[in-house]
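Each chain is listed here by its residues.
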Amino acid sequence: MSKLVLIGFMGTGKSTVSKLLSEKVGCTRIDGDEEIERLENKRVSDIFASDGEAGFRIIETKVLGTILEREDTCVVATGGGAVLSPINRELMLKNGFVVALKASPDQIIARVKTDTERPLLQGDAEERVNLLLKQREHAYDFAHFTIDTTNMSVEEVVAAILEQWSLHK
Ligand code: S3P
């Protein structure tokens, strides 16, 4: 089954959008980070602390592969860095309709700055977001469809994605 795969930088709304999408479509949603935490029985931040980012990425690729093969799932939310691996990008494109969520740096910063959980944003969150956004400037360009959610409601974003998905099917 072709899945809706959401990609995007941290704080672009992947979790919220994926929840409403799965409700509207009436199918199961899986969040990559939640699945990693469930299978590893560890928080993402603890995996980063014990195995480093490289260790986390290995687990992320393994888990993404199994999620994308599951027949019972149709909406998949991925972690913001899942797109960095060419293997992951290929897996996503092969198994689904890939949707990139974008948001303005200001909105991203407003959403993530109070979050103490995200290991890559430790320290000055604003500085970290700006640096990572620059490093990942084109990382999400491989998506079938890109949507800037900055001035949109979740309902509008979901409607736009479903419209594009129906054209793609
Ligand atoms: C990461 C994003 C996080 C999580 C991990 C690494 C990234 O997911 O996978 O902290 O590299 O951008 P969210 O995008 O859901 O915050």
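Definitions and limits used
Residues numbered from 1 in each chain as written. Predicted model: local features only at pLDDT ≥ 70, side-chain atom pairs only at ≥ 80, totals over all residues. Heavy atoms only, no water. Core = buried A, V, L, I, M, F, W, Y, C linked by side-chain atoms within 4.5 Å. Buried < 20%, exposed > 50% of the residue type's maximum accessible area, 1.4 Å probe, protein only. Helix = DSSP H or I, 4+ residues; strand = E, 2+ residues; numbered from the N terminus. Salt bridge = Lys/Arg side-chain N within 4 Å of Asp/Glu carboxyl O.

### Concerning the nonpolar core
- Grouped together as the largest cluster of nonpolar side chains are 34 residues, with contacts concentrated most on Ile7 and Met92.
- Where this core is concerned, the elements lending two or more residues are strand E1 (3-8), helix H3 (44-69), helix H4 (86-95), strand E4 (96-102), helix H5 (105-112) and helix H6 (125-135).
- Counting 17 residues, the second-largest nonpolar core is a separate cluster that includes Val75, Ile147, Val158 and Ala160.

### Looking at the pattern of salt bridges
- Following the criterion strictly, the structure yields nine salt bridges and no others.
- Between glutamate 35 and arginine 70 there is a salt bridge, with the nearest N and O atoms lying 3.8 Å from each other. One end of the pair, glutamate 35, is in helix H2 (residues 32-40); the other, arginine 70, is in the loop between H3 and strand E3 (73-77), and 35 residues separate them in sequence.
- For glutamate 35, a relative accessible area of 11% puts it in the buried group.
- Residue arginine 70 is classed as partly exposed on the basis of its relative accessible area of 29%.
- The shortest N-O distance in the salt bridge between arginine 57 and glutamate 60 comes to 2.9 Å. Placement of the pair is arginine 57 and glutamate 60 together in helix H3, with a separation of three residues, close to one helical turn. Taken as a pair, arginine 57 and glutamate 60 share a single burial class, namely buried.
- Bridged by salt links that share partners, the residues Glu35, Arg38, Arg70 and Asp72 form one connected network.

Geometry only, nothing functional implied.
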